[in-house]
Amino acid sequence: MHISSGLLSSARKVIRSPHFWAVLAIFAIGITLHYPEQLIPWGATAISSFLGTTRHTAERVFFLIPITYASFIFGLRGGIASLVAAGFIMLPRAIFISQVPVDAILESSGVIIVGGVVNLWFYMHRKDIAQRRSIEEALVRIIDGSSIPSFVINKQRKVTHWNTAIEALTGIKREEIIGTDEQWRAFYTEKRPVMADLIVDGSSKKEIETYYKNGYKRSQLIHGAYEAEGWFPALGKDGKYLHFSASPIRNNDGEITGAIETLENITERKKAEENLRYYLQEITKAQEEERKRIARELHDSSAQNLIALLHQLDNLLTDKTKLPVSEAKALWGFYEQIRDTLQEVRRFSRDLRPSILDDLGLLPALEWVTDDLKSTYWIEVDLKVLGNERRLFPETELLLFRIVQEALRNIAKHAEATMAEVKVKFDEDRIAVTISDNGKGFEPPESLGALTPTGKLGLAGMQERVQLLGGKLKLESKPGKGTKIFVEAPV
């Protein structure tokens, strides 16, 4: 019952359509043209006679018009019905009336085949459109149902999707922006391309750097995608920090047809990082002040006491007549031990806070620490300086010195190296330091954040100091291939 009622409802809908009656009218014209002598006995002439042919070729081809029309309007079922109707109309003449039945049947079959191809093409085309529409609707549901602020643009940079989450983030409603190329309004006060625009345009790395400087990187997961972080003062009342990534949308041929950009509000995270950096900076300052105080105490108190004790022993040992030989030898042993201890105390004092760093700057301090490594551990160390040498802020020089000092200490204690190199390059607004060795190397963790859990406390301390400088640290190492540490920081 349900099936029959459904068919009746569909039939009523088709019959009520003006297109149905238009198809019937075209079929009626076709029947009249195909059977003129039978339907109009007072002298009607077939179209084929005007064209100089003896068969009804043109009238048969005419039936492709209602077949195509029905297929376009009513889909596959309408097309098949029109094919059947056209067949029933053409075959009687081809079989019973035509002077050349074989040719007439072939022509009628050709019309049916062409009509079938047209039907199939419309069906596949309609199916393809339906699939695209389904995919697009699914994309709309996914994007709009996501809590991640997102928008999509097409090849012409026009916004096609603008989800609810980005409405809440930017305050711009989708009705205002879909169909326009004004996505920049959400982030900037003046018109300029956003990351998705550059992806769609196929911009080069140099072009992307023009807008995002060093604040971007390639995605490690998606080919052709980029991500970045930035401060956007135009967002909200007080501005916002955003992490955003833009990925290309490609067709089946791999051509870019659009791009999707997702955003994440990282303002709270950035504030927490700034607070953490401030606390870390204060702790580092306190540590350095404590180092300076202990170094001064060692130099002014402990070292001086040891020197005085050495003088007393020296005076005692000078008068050899008053001491037996065995006791004199014992005292000389004490003298040498105290002298070695004095040297260690002095070295500790210099390591804690080398006065050469405060007095002469970074490069002389690096020369001292590399020479110390040579003399103490017999490791050949080469110091290279490139660019325009100059003094930096004391805090910057101190942090860079500590990074190099920790790296050289690791080489001495763990690398089993025979050679090392420290390279310092001064640029206009940046400084780059590279520390490398030919030691045994190791397998570094996947992320620098995993240095502390893996016991690499020295490297973790270097990473913290680089963060205080607002710079970047890169680590390269392989077992048996040595280690390289790259540090870059603004100055």
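Refer to the structure above for everything that follows.
Residues numbered from 1 in each chain as written. Predicted model: local features only at pLDDT ≥ 70, side-chain atom pairs only at ≥ 80, totals over all residues. Heavy atoms only, no water.

Chemist: Would you take a moment to explain the overall build of the protein chain for this structure?
Modeler: Secondary structure summary: the protein chain contains 17 helices and 11 strands in total. Each principal axis of the C-alpha distribution contributes one length, and for the protein chain these read about 160 × 55 × 50 Å. Per-residue burial for the protein chain yields a buried fraction of 37% across its 491 residues. A separation of at least 24 residues holds for 56% of the contacts in the protein chain among residues at least 6 apart in sequence. A total of about 29600 Å² of accessible surface is found on the protein chain, and carbon and sulfur atoms cover 57% of it. Here the protein chain carries 63 positive and 63 negative side-chain charges, and the mean point of each set is 5 Å from the other. (Helix = DSSP H or I, 4+ residues; strand = E, 2+ residues; numbered from the N terminus. Buried < 20%, exposed > 50% of the residue type's maximum accessible area, 1.4 Å probe, protein only. Contact = heavy atoms within 4.5 Å. Areas by Shrake-Rupley, 256 points an atom, 1.4 Å probe, with all protein chains shown as cover. Lys, Arg positive; Asp, Glu negative; His and termini not counted. Charge placed at Lys NZ, Arg CZ, Asp CG, Glu CD.)

Chemist: Just checking my understanding: could you explain the sheet that holds strand β10 (residues 472-477) for this structure?
Modeler: Sheet strands associate in pairs through backbone hydrogen bonding, adopting either a parallel or an antiparallel arrangement. Spatial strand order, β7-β8-β9-β11-β10: five strands in an open sheet with mixed pairing. Where the open sheet ends on each side, the last strands, each with one partner, are β7 (380-387) and β10. Along the sheet, successive strands turn relative to each other by an average axial angle of 10°, direction set aside. (Pairing = 2+ DSSP bridges. Axes fitted to C-alpha atoms, helices over the stretch in contact; angles between N-to-C directions.)

Chemist: Just to check I follow, could you spell out unusual backbone geometry for this structure?
Modeler: Working note: non-glycine residues mostly have negative phi, and peptide bonds are mostly trans. Here arginine 157, not a glycine, exhibits a phi torsion of approximately 70°, which is positive. Structurally, the position occupied by arginine 157 is in the loop between β1 (150-154) and β2 (159-162). We classify arginine 157 as partly exposed; its relative accessible area is 27%. The backbone phi angle of glutamate 416 is positive, close to 55°, even though this residue is not glycine. By relative accessible area, glutamate 416 is classed as exposed at 63%.

Chemist: What is the right way to read the sheet that holds strand β6 (residues 256-265) from this model?
Modeler: Here we have six strands laid out as an open sheet, ordered β2-β1-β6-β5-β4-β3, and antiparallel in their pairing. Only two strands of the sheet have a single neighbouring strand rather than two, namely β2 and β3 (216-218). For this sheet the average axis-to-axis angle between neighbouring strands, irrespective of direction, equals 20°. Across the sheet, helix α11 (residues 205-212) touches β3, β4 (226-232) and β5 (240-250), and the angle it forms with β3 is around 150°. Sitting on the sheet, helix α12 (residues 267-318) touches β4, β5 and β6, and the angle it makes with β5 is about 130°.

Chemist: Got a minute to help me understand the packing of aromatic side chains in this structure?
Modeler: We describe a pair of aromatic rings using the distance from one ring centre to the other and the angle between the two ring planes. One pass over the full model with this rule turns up 14 aromatic pairs. Aromatic side chains phenylalanine 232 and phenylalanine 244 sit 5.8 Å apart centroid to centroid with 70° between the ring planes, which places their arrangement in the edge-to-face category. You can see phenylalanine 232 sitting in strand β4 and its partner phenylalanine 244 sitting in strand β5, a full 12 residues away along the chain. The rings of Phe151, Trp162, Phe187, Tyr188, Tyr212, Phe232 and Phe244 are connected pair by pair, giving a single aromatic cluster. The lysine or arginine in question, arginine 192, covers the ring of tyrosine 212, its NZ or CZ lying 5.1 Å from the ring centre. (Phe/Tyr/Trp six-rings, centres within 6.5 Å; stacked < 30°, edge-to-face > 60°. Lys NZ or Arg CZ within 6 Å of the ring centre and 35° of its normal.)

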